[in-house]
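Here is what each chain is made of, one letter per residue.
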Amino acid sequence: MNLHVVSSSSTGAGERTVPAASGPARYVSLALSGGNALGAYGAGACEALLEAGYALDRVSGASIGCVNATILAGNPPAQRAAKLREFWQQAARWSPWGTLPTGGQVRDTLNKLQTLHTVMAGRPGLFRPRPSGFFSLLPGTPPDVGLFDGHPLLATLERVMDWDFLNTAALPLTIGSVDLESGEGVYFDTREQAIEPHHVLASTAFLPGFPPVDIGGRLLGDPGMLCNLPLDPLLRDPPPGPHLCIAVDLFDVRGGRPSSMDTALERVQDIAFASQSLRTIEAFRREYRLRRLLAQSLQRTGHAVELDAEEMRLLEREARGADTDMVLLAYHPPAHEVSAKTLEFSAASIAERWEAGRQDMQRALALLEAGQATTRDPGFNFYDARRVQSREETPAEAVEAKQAQATQPA
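Remember, it's a predicted structure, so these values are computed and weren't measured experimentally. (Residues numbered from 1 in each chain as written. Predicted model: local features only at pLDDT ≥ 70, side-chain atom pairs only at ≥ 80, totals over all residues. Heavy atoms only, no water.)

**Q** Would you explain the overall build of the protein in this entry?
**A** Helix and strand content of the protein: 13 helices and 12 strands. Per-residue burial for the protein yields a buried fraction of 51% across its 410 residues. When contacts within the protein are restricted to residue pairs at least 6 apart in sequence, those whose partners lie at least 24 apart make up 75%. As presented, the protein carries roughly 18,400 Å² of accessible surface, and 57% of it is formed by carbon and sulfur atoms. (Helix = DSSP H or I, 4+ residues; strand = E, 2+ residues; numbered from the N terminus. Buried < 20%, exposed > 50% of the residue type's maximum accessible area, 1.4 Å probe, protein only. Contact = heavy atoms within 4.5 Å. Areas by Shrake-Rupley, 256 points an atom, 1.4 Å probe, with all protein chains shown as cover.)

Quick look at the structure:
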């Protein structure tokens, strides 16, 4: 797979700190969602963000977003984009089919075959089938809780990141998981503890695909069933100054009308995961608005209202005056993606998703730098950079579409 950088910018160049519209430099945080093979979109978006010169101050991730975030935080800035490409080149290797058509029924069929191949053989360097897991589906066989073993991922991570560098918290990393007994979200932060390989396995353990991981007596799994895009740790306790939070979702709540069982399953999956993110953003939009209004009220009234020292301290802690810019982009799949797209690792699809992520991040940053917010509230500006309609056709897809129309009977 050729993940060629088409921009003239150098990802190896030093990062620059991007200033806010006015005032001090912004604190930049990045949230990366889960979605297995769709993570190439997130990696492409990260590459475009780095090329644009944005210096990251914090990153969070869930599932494959945890993997991408770990690679970012486990490398110095000049190596991050290259190591992401190395990881995703590994993920796209060993595809049973070579060059695929850009769309149409043939591509749809080959994508489904590629998905079946992944289910039967796993992905070298990422995960392998667990015979005990598959046999447990048969009557009378011992029970199991996972179809795949994620340990091959750890050897690949060893080649593309440094655990010691990660735990210096030079780029603070927060990864999400869920307690499978209590249903509570569990987060691990390199500023508070060392993150080790088993934490990554826990974040990527989406049942029943992968078995859960016991950490400190808690049985943990992939947080996708609870919070697939880990915005909470970034927005719950924001920095004191201007904050830019960029969220990369691998699912889009919007899509076309289902026309088959496959597209129906895809729509269910997209809505289930993407709606979590939108609810979280809306909740924080309301919270930040109230916090800003509280800050303004305290400035006007001062100590005119009789409050004791503890009450005033609590109010001042909750009142925040700095602005947060929230930017959301999401992967909008082309028509040939299948419902099991999270298991479709063909080189062609990985390359397409990577480039879509690059393009969407470039578009999102253009909106941000032009100040074209979708909504503006006190303390919270939301930039919705999701594609309004279906993904734009590539030149090859446009040619194919015209050829198909030419062959249609009059």
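**Q** How do you make sense of empty space enclosed by the protein when you look at a structure like this?
**A** Over the atoms a probe the size of a water molecule is rolled, and this reveals where empty space is left. Taken as a whole, this structure holds one cavity of 30 Å³ or more when the rule is applied. Roughly 40 Å³ of internal volume is contained in the largest cavity. If you go around the largest cavity, the residues you meet are Leu32, Ser33, Gly39, Gly42, Ile64, Gly65, Asn68, Val248 and Leu250. Sorting the residues of the lining of the largest cavity by element identifies α1 (39–51) and α2 (64–73) as the ones contributing at least two each. If one sorts the elements of the lining of the largest cavity by residue count, α2 sits on top with three residues. Across the lining of the largest cavity, the residue classes break down as four nonpolar, five polar and no charged. (1 Å grid on protein atoms, 1.4 Å probe; cavity = no way out; pocket = protein on both sides within 12 Å on 5 of 7 lines; lining within 4 Å. Points joined across faces, edges and corners; volume = space filled by probe spheres on them. Nonpolar A, V, L, I, M, F, W, Y, C, P; charged D, E, K, R; others polar.)

**Q** Before we go on, may I ask you to explain the pairing of strand β8 (residues 218–221) in this structure?
**A** In regular strands, side chains alternate between the two faces of the sheet. Across two bridges, the pairing between strand β5 (residues 173–179) and β8 is antiparallel. Looking at the pairing, valine 178 lines up with glycine 221 of β8. The loop that links strand β7 (residues 213–215) with its antiparallel partner β8 comprises two residues; one of these, glycine 216, has a positive phi angle of about 60°. (Pairing = 2+ DSSP bridges.)

**Q** Before we go on, may I ask you to explain the packing of aromatic side chains in this structure?
**A** What describes a pair of aromatic rings is the distance from one ring centre to the other and the angle between the planes of the rings. Within this structure, the stated rule accounts for 11 aromatic pairs. On the numbers, 5.9 Å between centres and 85° between planes, the contact of phenylalanine 134 with phenylalanine 148 is edge-to-face. One end of the pair, phenylalanine 134, is in helix α5 (residues 131–135); the other, phenylalanine 148, is in strand β4 (residues 148–149), and 14 residues separate them in sequence. Classification of phenylalanine 148 by relative accessible area gives buried; the value is 6%. Through a chain of ring-to-ring contacts, the aromatic side chains of Phe127, Phe134, Phe148, Phe210 and Phe345 assemble into a single cluster. (Phe/Tyr/Trp six-rings, centres within 6.5 Å; stacked < 30°, edge-to-face > 60°.)

**Q** How do you make sense of the pattern of salt bridges when you look at a structure like this?
**A** Side chains bearing opposite charge may pair, as long as their charged atoms lie close to each other. Counting across every chain of the model gives 30 salt bridges. Salt bridges sharing partners connect three or more residues here, namely Glu47, Glu51, Arg85, Glu355 and Arg358. (Salt bridge = Lys/Arg side-chain N within 4 Å of Asp/Glu carboxyl O.)

**Q** So what exactly am I meant to see when it comes to the packing of α1 against helix α3 (residues 80–91) here?
**A** What describes two packed helices is the angle between their axes and the distance between those same axes. Direction vectors running N to C along α1 and α3 enclose 160°, while the axes themselves pass 9 Å from each other. Judged by the inter-axis angle, α1 sits roughly antiparallel to α3. The way α1 lies across α3 gives a crossing that is left-handed. Contact residues: α1 offers Gly39, Ala40, Ala43, Cys46, Glu47 and Leu50, while α3 offers Arg80, Ala81, Leu84, Arg85 and Trp88. (Axes fitted to C-alpha atoms, helices over the stretch in contact; angles between N-to-C directions. Parallel < 35°, antiparallel > 145°, perpendicular 65-115°, else oblique. Left-handed = near helix turned anticlockwise from the far one by under 90°.)

**Q** Can you help me understand unusual backbone geometry in this one?
**A** Note on backbone geometry: most residues besides glycine have negative phi, and most peptide bonds are trans. Cis geometry marks the peptide bond from leucine 207 to proline 208, where omega comes out at -5°. Take proline 208: it is sitting in the loop between α8 (197–203) and β7. Even without being glycine, asparagine 36 reaches a positive phi, approximately 50°. Here asparagine 36 shows up in the loop between β1 (27–32) and α1. For serine 63, which is not a glycine, the phi torsion comes out positive at approximately 60°. Examined against the element boundaries, serine 63 turns out to sit in the loop between β2 (58–61) and α2. Serine 63 sits in the buried class, given a relative accessible area of 10%.

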